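Coordinate inspection notes
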Amino acid sequence: MSIFWMFATAISSSLITLIVVAFWGHFYFQPRLRNNLQQELDEQVENAAQVISERVEEGVRRGLVEGVRNLPSREVLEGASRSLARTGAELVSERLGQIFGSPRKDRN
């Protein structure tokens, strides 16, 4: 009969240990891990947005300079600069939408 109690005590001790570890993981470890991962993700998204912004800005600047060289009238220049700015903004918006997972909106 003492061997039975020895096994019962060992099994119940193991179950209690597993329950305590599960509660610790669920209420202490998981929220801290989630917060750390969210912070890291936010930093990476910020870095990606900055890189995309710099590339778009440089592309728009190059396009505007080339457009200014090739355009004869002021009205055409204004229309081209508006079009370039709109295209750059749409490109940044699309890229950030892809990063954050929001659906694309088609503009016609």
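Residues numbered from 1 in each chain as written. Predicted model: local features only at pLDDT ≥ 70, side-chain atom pairs only at ≥ 80, totals over all residues. Heavy atoms only, no water.

Regarding the packing of aromatic side chains
Stated precisely, the cut-off is as follows: Stacked, edge-to-face and tilted are the three classes for Phe, Tyr and Trp ring pairs, Trp counted by its six-membered ring, which pair at centre distances within 6.5 Å; planes under 30 degrees apart are stacked, over 60 edge-to-face, the rest tilted. Only DSSP runs of H or I reaching four residues or more are called helices, and only runs of E reaching two or more are called strands; each is numbered from the N terminus. For each residue, the accessible area found with a 1.4 Å probe, counting protein chains only, is set against the maximum for its type, and the residue is called buried under 20%, exposed over 50%, and partly exposed in between.
For the structure on display, the rule yields 4 aromatic pairs. With 5.8 Å between their ring centres and 10 degrees between their planes, Phe 23 and Phe 27 make a pair best called stacked. Of the two residues, Phe 23 and Phe 27 are both situated in helix H1 (residues 2-70); the distance of 4 residues between them amounts to about one turn of the helix. With respect to burial, Phe 23 and Phe 27 carry one shared label: exposed. A network of ring pairs unites the aromatic residues Trp 24, Tyr 28 and Phe 29 as a single cluster.

Things to note about a nonpolar patch on the surface
The condition that has to hold: Put simply, a patch holds well-exposed residues, over 30% relative accessible area, that have no salt bridge, with like charges counted together within 9 Å and Val, Leu, Ile, Met, Phe, Trp or Tyr side chains within 5 Å. Using a 1.4 Å probe, the Shrake-Rupley method yields the accessible areas, and only the shown protein chains count as cover for residues. Each salt bridge in this description consists of a side-chain nitrogen of Lys or Arg and a carboxyl oxygen of Asp or Glu lying within 4 Å of one another.
Together, Ile 3, Met 6, Phe 7, Ile 11, Leu 15 and Leu 18 make up an exposed nonpolar region whose accessible area comes to about 660 Å². Relative to the helices and strands, Leu 15 is located in helix H1.

Here we look at a negative patch on the surface
Worth spelling out the cut-off: The sign given to each residue is positive for Lys and Arg and negative for Asp and Glu; His and the chain ends receive no count. By convention, charge coordinates are those of NZ in Lys, CZ in Arg, CG in Asp, or CD in Glu.
Taken together, Glu 40, Asp 42, Glu 43 and Glu 46 make up a surface patch of like negative charges. Tracing the backbone through its elements, the reader meets Glu 46 in helix H1. Here Glu 46 falls in the exposed class, since its relative accessible area comes to 54%.

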